Amino acid sequence: MASSASISRPRFRCFDPSNSYPATPDHPRYFSASPPTSSPSTPRANGRSSGSMAISDNSELKIATGPGGYVLEDVPHLVDYIPDLPTYPNPLQDNPSYSVVKQYFVNADDTVAQKIVVHKDSPRGTHFRRSGPRQKTNHMQLDISQVYFESNDVHACIVTCGGLCPGLNTVIREIVCGLYHMYGVRRILGIEGGYRGFYARNTIPLTPKVVNDIHKRGGTILGTSRGGHVTSKIVDSIQDRGINQVYVIGGDGTQKGASVIFEEIRRRGLKVVVAGIPKTIDNDIPVIDRSFGFDTAVEEAQRAINAAHVEAESVENGIGFVKLMGRYSGFIAMYATLGSRDVDCCLIPESPFYLEGPGGLYEYIERRLKEDGHLVIVMAEGAGQELLAESMNQQDASGNKLLQDVGLWLSQNIRDHFSKQRNMAINLKYIDPTYMIRAIPSNASDNVYCTLLAHSAIHGAMAGYTGFTVGPVNGRHAYIPFRRVTERQNKVVITDRMWARLLSSTNQPSFLDLKEVEAMKKEEKEEETKAQLIVGENHTEATSASLPKE
Ligand SMILES: Nc1ncnc2c1ncn2[C@@H]1O[C@H](COP(=O)(O)OP(=O)(O)O)[C@@H](O)[C@H]1O
Ligand SMILES: O=P(O)(O)OC[C@H]1O[C@](O)(COP(=O)(O)O)[C@@H](O)[C@@H]1O
Ligand SMILES: [Mg+2]
């Protein structure tokens, strides 16, 4: 732990792939936290293997440390396994829109802190490489920017995988337009129908003209799918088509798939970058501040909640019941509840609840009906799964556990309880807007966000970085190693201040006693310690939910 509050510039030994200048003492020294499981420097003749669906087993970390507990968790670079790659002047330097903006280029050494609430003696903690077109001051004191691809040589492809989410088309559009207008790239392919599209479907040539209006439409013009990740066939297709930049848009499953593709590409020694753009309407991807489409989803959920409220207050003993998305994380339900102010009870997977007896849900419902004559309940789809007698032992094609429809189950149980046990006539209206919300186009704020994500991914790829996911960390876009976004899920922390706000806004019971709260706090502390151990030595990091930071 640092013993003084003074900030000192980290002293490192050099390895900075983004510049072609000689090593200087100011650059990071990397160490592997665990030994690499493949030998990237020995690509095979054609590099092909007969592998099928695989899980990435390469846990190599690219970490540099500095004074004061500074840790850089860096992302791979092409020169890690293909040394002596030539660099080219960055065309952005001559681009009239970008070159005049002095702050458009980021310093090649900029990093973004994961932990921004610090104390006098706190270690500086984990950092990620800042995204953006990179610039260095050379020995002649000139600012120059270099890239690892010549525009004419770039052959990019884009694929969308997993469930729908507002903003998919915007990200596709912005990758195409960004590559085209910023870097003069002309060859961009859309892969149809998710991962399996690499080997089983057609491709669509993408130009700014083709994608011009697509951000106004919901869904993805490329189509999507679950399952079908056959690594060797995907990489064979990438190799056969001469693709050298792969942009993968999808959730945690997709990023795991992208990580495996990256490992195979590295094993074959190919000059191909793999860049992930995180998509999850549930906002369950960790490290990043929020995921695109989340804002739109919360806004659209208001319409369902409003409808539930109107229905509920128009009749005697009316209950409006809305089920929202959120398999394992209740962010949409929590934010939609906080945004609406009409909700009396919000149920999420992270907060266990019970039905019968003092402090239970039925008692609370009865009280609200007696006091107000109506009530609105919002429930995330993954909440209360443990209350169902038997859980479904089925998975979707991607291996995600299929959940029981707990919303339907609970609304029926509420009806039965009040009619049979309490002899009270209630009027419950059940609304499930899931697919209506997922299918809408993204709102203006998500559109801007999608543009930044797309641009970050493009700049990273052109600069030769690979095996990364992009996303804002405390408001600054950064390149994050795949492993960091797939190793765990982002969850609502119910011992945090935001959940306290929700409880105070709805007045619902917390369903927890003090002992349980203490046990949860202990569990969180242990999780935090575990995360510190994974990352390395001598630093701490925030592991709590990433939205919002305060
Ligand atoms: N561990 C994994 N390794 C390789 N591919 C995976 C893995 N998990 C999921 N995938 C692939 O990623 C794609 C999307 O995954 P899915 O879980 O359906 O959606 P999401 O990416 O939104 O979480 C699917 O094609 C699936 O086969
Ligand atoms: O019906 P589908 O398409 O399998 O999707 C249902 C799931 O999709 C989601 O909306 C998002 O899931 P992904 O992030 O895995 O795409 C979940 O909230 C929901 O459980
Ligand atoms: Mg998922």
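Residues numbered from 1 in each chain as written. Chains lettered and ligands numbered in written order. Predicted model: local features only at pLDDT ≥ 70, side-chain atom pairs only at ≥ 80, totals over all residues. Heavy atoms only, no water.

An unreviewed UniProt entry lists the protein chain under the name ATP-dependent 6-phosphofructokinase, from Malus domestica. UniProt annotates the protein chain under Pathway (unreviewed entry) with the comment "Carbohydrate degradation; glycolysis; D-glyceraldehyde 3-phosphate and glycerone phosphate from D-glucose: step 3/4." Of the comments in the UniProt record for the protein chain, the one headed Sequence similarities (unreviewed entry) reads "Belongs to the phosphofructokinase type A (PFKA) family. PPi-dependent PFK group II subfamily. Atypical ATP-dependent clade 'X' sub-subfamily." (UniProt positions renumbered as here; feature names shortened; annotations may be inferred.)

Caption draft 1: Structural detail: the packing of helix H10 (residues 361-372) against helix H11 (residues 406-421). At a minimum axis separation of 11 Å, H10 and H11 run at an interaxial angle of 65°. It follows that H10 is roughly perpendicular to H11 by the angle criterion. The way H10 lies across H11 gives a crossing that is right-handed. Here Leu361, Tyr362, Ile365 and Glu366 of H10 come into contact with H11, specifically with Leu410, Asn413, Ile414, His417 and Phe418. Partitioning the contact of H10 with H11 into residue classes produces six nonpolar, two polar and one charged. (Axes fitted to C-alpha atoms, helices over the stretch in contact; angles between N-to-C directions. Helix = DSSP H or I, 4+ residues; strand = E, 2+ residues; numbered from the N terminus. Parallel < 35°, antiparallel > 145°, perpendicular 65-115°, else oblique. Left-handed = near helix turned anticlockwise from the far one by under 90°. Contact = heavy atoms within 4.5 Å. Nonpolar A, V, L, I, M, F, W, Y, C, P; charged D, E, K, R; others polar.)

Caption draft 2: Representation of the UniProt feature "binding site: substrate" (unreviewed entry) in the protein chain. In the numbering used here, UniProt assigns the feature "binding site: substrate" (unreviewed entry) to Thr280, Ile281, Asp282, Met325, Gly326, Arg327, Glu381, Tyr435, Met436, Ile437 and Arg438. With respect to the helices and strands, Met325 occurs in the loop between strand S16 (318-324) and helix H9 (331-340). The residues contacting Met325, other than those within four sequence positions of it, are Ile281, Asp282, Ala297, Ile332, Ala380, Glu381, Thr434, Ile437 and Arg438. As for its placement among the helices and strands, Glu381 is situated in the loop between strand S18 (374-380) and H11. Look at Glu381 and you get partly exposed, because its relative accessible area is 22%. Here Glu381 is in contact with Lys323, Leu324, Met325, Gly326, Arg327, Leu403, Gln404 and Val406, once residues within four sequence places are set aside. Among the polar contacts listed, one links the side chain of Glu381 to the backbone nitrogen of Gly326, at a separation of 3.1 Å. (Buried < 20%, exposed > 50% of the residue type's maximum accessible area, 1.4 Å probe, protein only. Polar contact = N/O pair within 3.5 Å; in protein donor to acceptor, adjacent residues only side chain to side chain.)

Caption draft 3: Examining the pattern of salt bridges more closely. Using the criterion set out here, one finds 25 salt bridges in the structure. When the shortest N-O distance is used, the salt bridge between Arg483 and Glu73 registers 3.0 Å. Here Glu73 lies in strand S3 (residues 70-74) and Arg483 lies in helix H14 (residues 482-486), a separation of 410 residues in the sequence. Residues Arg483 and Glu73 agree in their burial class; the two are buried. Three or more residues joined by partner-sharing salt bridges are found here, namely Glu73, Arg483, Arg484 and Glu487. (Salt bridge = Lys/Arg side-chain N within 4 Å of Asp/Glu carboxyl O.)

Caption draft 4: Inspection of the packing of helix H3 (residues 168-183) against helix H13 (residues 444-462) at higher detail. The interhelical angle for the contact between H3 and H13, taken along N-to-C directions, is 50°, at an axis separation of 8 Å. Classified by the interaxial angle, the pair formed by H3 and H13 is oblique. By crossing handedness, the relation of H3 to H13 is classed as right-handed. Residues Thr170, Val171, Glu174, Ile175, Gly178, Leu179, Met182 and Tyr183 of H3 lie in contact with H13, whose contacting residues are Asn447, Cys450, Thr451, Ala454, His455, Ile458, His459 and Met462. A per-class count over the contact of H3 with H13 returns nine nonpolar, six polar and one charged.

Caption draft 5: View of the site of ligand 1. Close to ligand 1 lie 19 residues, the nearest being Gly227, Asp252, Thr254, Lys279 and Ser398. In the model, an oxygen atom of ligand 1 is placed 2.9 Å from a nitrogen or oxygen of the Gly251 main chain. Between ligand 1 and Thr254 there is a distance of 2.4 Å, counted from an oxygen atom to a side-chain nitrogen or oxygen. For the shell around ligand 1, the element with the highest residue contribution is helix H7 (residues 252-268), accounting for five residues. Grouping the amino acids of the shell around ligand 1 by side-chain chemistry returns four nonpolar, 11 polar and four charged. (Near = heavy atom within 4 Å.)

Caption draft 6: Molecular detail of the site of ligand 2. Neighbouring ligand 2 are the residues Gly162, Gly163, Arg226, Lys279, Ile281, Asp282, Met325, Gly326, Arg327, Glu381, Tyr435 and Arg438. A distance of 2.4 Å separates an oxygen atom of ligand 2 from a polar side-chain atom of Tyr435. Take Arg438: an N or O atom from its side chain is 2.8 Å from an oxygen atom of ligand 2. Protein chains shield 82% of the accessible area of ligand 2, which is 480 Å² for the free molecule. Classifying every residue of the shell around ligand 2 by side-chain character gives three nonpolar, three polar and six charged. When we break the shell around ligand 2 down by domain, the ones giving at least three residues each are domain 1 (57-293 + 445-490) and domain 2 (294-389 + 402-440 + 493-527). (Areas by Shrake-Rupley, 256 points an atom, 1.4 Å probe, with all protein chains shown as cover. Domains from an automatic or database assignment.)

Caption draft 7: Structural view of the sheet that holds strand S5 (residues 106-107). Spatial strand order, S5-S8-S9: three strands in an open sheet with mixed pairing. Two strands lie at the open edges of the sheet, namely S5 and strand S9 (143-144), each paired on one side alone. (Pairing = 2+ DSSP bridges.)

Caption draft 8: Quick peek at helix H8 (residues 294-314). In this model, H8 (21 residues) spans 30 Å end to end at C-alpha, consistent with the 30 Å of a helix rising 1.5 Å per residue. For H8, the complete set of buried residues consists of Phe294, Thr296, Ala297, Val298, Glu300, Ala301, Gln302, Ala304, Ile305, Ala308, His309 and Ala312. Buried residues along H8 sit in contact with S16, H9, S18, strand S19 (427-431), helix H12 (434-438) and H13. (Expected span 1.5 Å × (residues − 1).)

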